[in-house]
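Here's the letter readout for the chains.
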Amino acid sequence: MKTLRQPTLDTLGLGTVHEIFSRGQLPATTENLVDKVFGESGKRGAMVISGANGIVGAGKTMQLGSRLLPFNVPIVALDFPGAPDGIGAQYQGLKASFGQEQADAIMANIVRLNYDGKNLPSELKAMRPRFLLEAIPEILEIKKAHYDIFRKAFPEIEIRSVTSGFPSAELGVGIAHPAFPHQINKIWEIVEKKTSPVTQLFWALGLIPIPVSDNWSFVLDVLFCGLTLAAIRYHEATNMPFWKIDKFVRRMVGPNPFRAHDAIGAKGANFLTWSCLHHLGKHYGEVFTPARKLDHRKETGQNWYPLNHFRPVVDWSMDDGDDEAFQSWVVGPIVQMTSLMLHEKRSHLSHINAIGELCAQFRPGILAFIRNLGADKAIKTVESYHRLHPEAKGSWYPDALGTIDGNEWQQLYVNAEHDGKIGVISIGRESYSRDVDAEMNRAIDWLKAENIKRVIVTGDFHLATQMVGADTSNFFPALDNADIGLEISGEWSKTARRLDSEFEVSVGFVNGKRCLGGMLELMMHCHFLVCVEDSALGMPEVTLPVVPGMEGCHWPFRKARSEDWPKLLNLLLGGRPVTAKDAVGWLIDFAGPMDESLLTVWKIASEAGKGPVPQRKVVTDALKNVPTETNLPPSGNPAIEAARKAIMDCVQQSCGNSLSDALAVQAKHSAGFMSSSFCRGGMIGTEGSKIMNV
């Protein structure tokens, strides 16, 4: 087996993506792992969540309780008698997600117990606790005493702490640090000596465990707390108000650090950020030492944002010189902090990058951001920061950026593997972007250089649990410049066409819960498309509104029977997804349960396309008599109606041309509508204006 870079799945002890297909099954099952962690069916021990009424504890009680309910694992929620009812506050969210009947069943499986902090409730013994997830306050001595109580009562119990800062070596237990918001974010930073069944169970339950090394504050809080500190230091240097700094930070790198603190709850979030930075500063120096403003907010718990009506009074703009200083103050320390994590080998590079994106809202991830800057500019930005803040020169490792041209840096989102005959391209990002597009091309180039003629294209079974479409932030410049939209649509479509034209056999596999928009357009370019039967497939562009730009307006028509064209028009103009099992024959080629689908993909690839599924060929000539109307009712929304007309026009003209000419035709339609008033006034335009026009 050869790999372009190490698969992130391998860091969980679960092998390669290629092996999943060649074996025809996933590397681990939920049932077996539940047995390992909680005991066999009929003898299950309980999962205990301590501090269960807090923000973290309550969120994880819901997230894990809902997933473990089918396996009859009792959930024990442990907290002090006077703690606010954080669990009860989650009920409405459960009802909205699962319906009342399922929500009631989840809540009924949660046993709430109180304790005094020193003695465990007597009722706990009968529930045979097997796993403790500790979510009590970030005070080291209290945590250690808490573990001692449990170990004395239950010597064999597995313990993980949700701590956001203390290393495992300090706590004496493993770490499972979850990202906010706790009831929906699937990311867990995992610290343990070797991958445990607990971590693999998290993966099997559909969560995203990410192994990180045992250093202070792991990866997420170095990035998030570090960015907050950088923004505070800029405030202290310029007196720009926090809410305005947030806008410039969001435009430059993605997050709103101050708004996030207020949204979480400033009192608790301020303390956690201060605590992480306090300990980081002790170990790594001034680049992490909390600023005076943070010391004060930690004590007062004061919000960072003023009331809305005060903000215009203290508005602030920047000229070019100010912008350069802002980049030095904000980007400089983040690059420096990242160099430290690289020097310490805190995690797989794709992990570090994904944690910043999925948890801290970096756009793109920090390593992709640095890669786009280039090593020289990144280093110069840190040096500029040091001229402004010379005390921060310690813990700076510019040599860590020296491998930026290597595969680990260059393939943060897309990996490739092969066994000499069949290759696998795995995409580890949920949305398609310029970065993903460049990495797709490099992965294809590598496989072709390795003389691989058959390829499977899929999600990575780890970091990307779904494929949600294009990264719409890439479209912001195209809102005012149709040439940029033309470039995006044209280049991304050319990449997708390589899956059709440059391999003898290409098989797309949708393994997650949904595949939408640009990601679906990419996968449709494979010679065969196989999906897990309950996955949702859709083209939601009409609701945004935009015109599909990766050949969705003609490619699927060229592969479908003419009698199925109305279904494709309804998919494009209605914006509603279809279930994979209902799309066989006109949109995809096969849908089934996971194991059956994996076997089908492997048979198609290994038998050179002569396996169990007939290939739907792409018609290269112009298509005739494509319907010009649908049975969809009027939407009542002028923007959607304008998008429907624009999409229909694109369908008619791109289908009405030969395959060789259709790419340019559909790219022109997509770019033209993106710069229209309807798109600028829609979701993408509104978001772009909010982020870019500071």
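One structure accompanies this document, and this report is about it. Owing to the predicted nature of the structure, the values given are computational and were not obtained by experimental measurement.

1. What to know about the nonpolar core
Thought 1: Ranked by internal contacts, the top residues of the largest apolar core, which has 172 residues, are Leu537, Phe557 and Leu587.
Thought 2: If sequence neighbours within four positions are ignored, Phe557 has contacts with Gly552, Trp565, Leu568, Leu569, Leu572, Leu623, Val626, Val651 and Cys655.
Thought 3: Listed in part, the 60 residues of the second largest apolar core include Leu94, Ile110, Val162 and Val532.

2. Brief notes about the sheet that holds strand β1 (residues 2-3)
Thought 1: One open sheet accounts for seven strands, arranged β1-β10-β11-β13-β15-β17-β20; its pairing is mixed. Only two strands of the sheet have a single neighbouring strand rather than two, namely β1 and β20 (590-592).
Thought 2: One ladder, built from three bridges, connects strand β17 (residues 528-532) with β20; its direction is parallel. Bridged to Cys531 within β20 is Ala591.

3. With respect to the side chain of Arg44
Thought 1: Examined against the element boundaries, Arg44 turns out to sit in the loop between α2 (30-38) and β2 (46-50).
Thought 2: A polar contact of 2.5 Å, which involves the side chain of Arg44, links it to the backbone oxygen of Gly39.
Thought 3: In terms of polar contacts, Arg44 uses its side chain to reach the backbone carbonyl oxygen of Phe71, at 2.8 Å.

4. Thoughts on empty space enclosed by the protein
Thought 1: Considering all chains together, one arrives at four cavities of 30 Å³ or more under this definition.
Thought 2: Of the volumes computed, that of the largest cavity is approximately 80 Å³.

5. A short note on helix α11 (residues 257-264)
Thought 1: Within the sequence span of α11, burial applies to Pro257, Phe258, His261 and Asp262. An end-on view of α11 places all buried positions within 140 degrees of arc, on one side of the element.
Thought 2: One or two positions beyond α11, positive phi appears at Gly265, with a value near 125 degrees.

6. Notes on the sheet that holds strand β8 (residues 187-191)
Thought 1: Strand order in the open sheet formed by eight strands is β4-β3-β2-β5-β6-β7-β8-β9, with mixed pairing between adjacent strands. In the strand order of this sheet, the two ends are held by β4 (110-114) and β9 (208-211), each with one partner. Between one strand and the next, the sheet's axes are offset by a mean angle of 25 degrees, whatever the strand orientation.
Thought 2: When β2 meets strand β5 (residues 129-134), the two strands line up parallel, connected through five bridges. Looking at β5, one finds that Ser50 is bridged to Glu134.

Calculation notes
- Residues numbered from 1 in each chain as written.
- Predicted model: local features only at pLDDT ≥ 70, side-chain atom pairs only at ≥ 80, totals over all residues.
- Heavy atoms only, no water.
- Core = buried A, V, L, I, M, F, W, Y, C linked by side-chain atoms within 4.5 Å.
- Buried < 20%, exposed > 50% of the residue type's maximum accessible area, 1.4 Å probe, protein only.
- Contact = heavy atoms within 4.5 Å.
- Pairing = 2+ DSSP bridges.
- Helix = DSSP H or I, 4+ residues; strand = E, 2+ residues; numbered from the N terminus.
- Polar contact = N/O pair within 3.5 Å; in protein donor to acceptor, adjacent residues only side chain to side chain.
- 1 Å grid on protein atoms, 1.4 Å probe; cavity = no way out; pocket = protein on both sides within 12 Å on 5 of 7 lines; lining within 4 Å.
- Points joined across faces, edges and corners; volume = space filled by probe spheres on them.
- Arc of directions from axis to C-beta.
- Axes fitted to C-alpha atoms, helices over the stretch in contact; angles between N-to-C directions.

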